[in-house]
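# Residue-level structural notes
For reference, the chains in residue letters:
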Amino acid sequence: MAEVSSDAQWHEPEDWNEQGKLPRNAGVPSANVVGSLNITAAATDPGLLDLPWHKALVDWPEEYLAALPRGISRHVVRFAHLSGSVIAIKETSEHIAHHEYQVLRRLQRMDVPCVEPVAVIGGRATPDGDELDPVLVTRHLKFSLPYRALFSQKLRRDTLTRLIDAQALLLVRLHLIGFYWGDVSLSNTLFRRDAGAFAAYLVDAETGELYPSLSSGQREYDLEIARVNIAGELMDLLEGGLIEEQVDPLATSERIMDSYRRLWNELTGKETFGAGDRWRVGARIRRLNELGFDVEEYSINTEPEGSRIHLQPKVVDAGHHPRRLIRLTGLDVQENQARRLLNDIDQYRAEYYPHLDEEISAHSWLTHVFEPIVRAIPRELAGKLEPAEVVHQVLEHRWYMSEQQDRNVPLAETLQSYLDDVLRHRRDEAAILLNPDTQTLKALQGQDPES
C-alpha cells in the first residue's frame, strides 16, 4: 500500500451554477503540505488511498494497472483497478482537473452521455519532495472502446459512417443543453455498441464550457473543429493501413456536417402546414422519438386567417425509449437497444395479452423472455456482450431465422442457434484487449501494425 499522510483531505465542490470556465482559484483546495493529498470527490472511496500517488503515472507498477485500450491523448493517462472496478487517471494541471471534474458532474446531472467523474487528487509529491501534477480520476465506461479499437483487420467504410453519425448525435445533444465542447474529435469520445449502431460518450471535457444556450457561431465553430479533427484522425488511420484505401478522409469527415445539420433541423426547425393536416403533428413527434428525443410540449401558432399552422416542438431531453423501458421493466439500456426491446414487448403483448395493461404485459415479457435469455448464457460467454445487447441480438437472430425458414422459430431454438453460431465466435467486449496482441497494441498506439 502506498504511504499517504493522515492529513489527506476530501472536498466537495459547491459552485454548480458557474457558467463557462471556472475562475482559476474557485474551489481549488490548497496543497501546501508536502506528502499530503487533497482529494475532491463526491463520495469517498478508501481504495483511492491505496494507489501509489507518490509516483508519476508513467512509473506506476503493473500490479495497479488495468490493460485496457487507450485513445490518443496529449496527457499521460492510465487505467487502474479500484474497488472491483476500473478507473481512468489523467495527469494535468490543477485548474484544468477541477474544471473538467465540475463540468462532468454537471453534465451527468443533465443525463448527458459522458464518463463519470470520481475525484481530483492534488498535493502529490515524491518521497524526495518533488511535486507531481494533479490527476483527474474518472470511472471507465464498461463495454466502451476508443475508436482505434473498433476494428477486426481494417475499419470499413460503413463502420466509419456509424461512428461519425454517433459523434454528430452526441454533438447535437450537447449543443441543445448549451454545452460548447471546443475539442470535438473521435479521440475524445468513447463508443459503445447500441443495437448494431454505436452510442457516443464524451470522455474529455477540459475545453468544454456550459452556457444557458449557444449562438449559431459557437455551434458552427464546434462543428468545424469536429470536421478538421476527424479528417486528421482518418488520415492517420489511412496512413497506418487501418481503414480501407478507398475511404476519402476529407469527404468522410464532411459527413458530420451533414448529419449534424439534419439532426439539428429535425429537432429545432419550425414546420408550417395547412389546418387540415393536423396529422403532421403526430408524424413530427414520431420522427423525433425515432431519433431518441422526447417532446414534452409543442406550440401551434395559427395565422390570422386561420389557414395555416406553424409547429415548433420543444425538445427537452434525449432518452424517450430508455425512459419508457425503465418505467415498464426497470431495465436501463441504450437508445437503440431500448427501441428494439420495446418493439418486442409490444409484439408480445399483442400476441399474448392484448387486453392487459402494458405494465403487466411488460413484466410478463421480462419474466418469460428477457430473463430466460440472460440466464441461458454460459458463464464462459457472459463477458462477450452486455445483457441488453445479447437479448437484442437474439431477437434479431430469431427474425432472420424465421424469415429464412418461413416459419415462426421458437425462442429456445433461436437461443441455441445464437449461442452456437454467433456469440461463441465473438470477441470478448467486456475484457477486450486485456491481453492484446502485438498488432492491436501497435494500432492503438498509432503505429503501423506491419512494422
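Above this text is the structure in question.
Each chain has its residues counted from 1, running along the sequence as written. Only residues with pLDDT of 70 or above have their local features reported here, since the model is predicted, and side-chain atom pairs are shown and tallied only from 80 upward, although totals for entire chains, interfaces and linings are computed over all residues. Only heavy atoms go into the side-chain values, all of them from the structure, while hydrogens and water stay out.

## Here's the deal with the packing of helix H2 (residues 157-176) against helix H4 (residues 249-268)
- In this description, a line fitted to the C-alpha atoms serves as the axis of each element, helices being fitted only across the stretch in contact, and the angle between N-to-C directions of two axes falls anywhere from 0 to 180 degrees. Put simply, DSSP marks the helices as runs of H or I at least four residues long and the strands as runs of E at least two long, and each gets a number from the N terminus on. For the pair H2 and H4, interaxial distance at closest approach is 8 Å and the crossing angle is 45 degrees. Considered as vectors, H2 and H4 are oriented oblique to each other. Regarding H2 and H4, the two cross each other, and that crossing is right-handed. Across the interface between the two elements, Leu 160, Thr 161, Ile 164, Asp 165, Gln 167, Ala 168, Leu 169, Leu 171, Val 172, His 175 and Leu 176 of H2 pack against Thr 252, Arg 255, Ile 256, Ser 259, Tyr 260, Leu 263, Trp 264, Leu 267 and Thr 268 of H4.
- Lys, Arg, Asp and Glu make up the charged group, whereas Ala, Val, Leu, Ile, Met, Phe, Trp, Tyr, Cys and Pro make up the nonpolar group; the residues left over, Gly among them, are polar. Across the contact of H2 with H4, the residue classes break down as twelve nonpolar, six polar and two charged. What sets the label is the angle itself: under 35 degrees gives roughly parallel, over 145 gives roughly antiparallel, 65 to 115 gives roughly perpendicular, and the rest give oblique. Crossing handedness follows the turn of the near helix against the far one: under a right angle anticlockwise gives a left-handed crossing, and clockwise gives a right-handed one. In this analysis, two residues are considered to be in contact whenever any of their non-hydrogen atoms come within 4.5 Å of each other.

## Overview of the sheet that holds strand E9 (residues 189-194)
- Pairing between two strands requires that DSSP report at least two bridges joining them. Taken in spatial order, the three strands of this open sheet run E7-E9-E10, and their pairing is antiparallel. Looking at which strands have only one partner, the edges of the open sheet turn out to be strand E7 (144-145) and strand E10 (197-202).
- Relative to E9, E7 runs antiparallel, the two being bridged by two bridges. Residue pairing in the sheet places Ser 144 in a bridge with Arg 192 of E9.
- Strands E9 and E10 of the sheet are contacted by H2, whose axis makes an angle of about 45 degrees with E10.

## Points about the side chain of Thr 329
- For Thr 329, the position within the fold is in helix H6 (residues 320-329).
- Within the structure, Thr 329 has its side chain in polar contact with the backbone nitrogen of Leu 331 (distance 3.1 Å).
- When sequence neighbours within four positions are dropped, the list of residues in contact with Thr 329 reads Ile 345, Ala 362 and Leu 366. Polar contacts here mean pairs of N or O atoms no more than 3.5 Å apart (in protein, one a potential hydrogen donor and the other a potential acceptor; neighbouring residues in sequence count only if both atoms are side-chain atoms).

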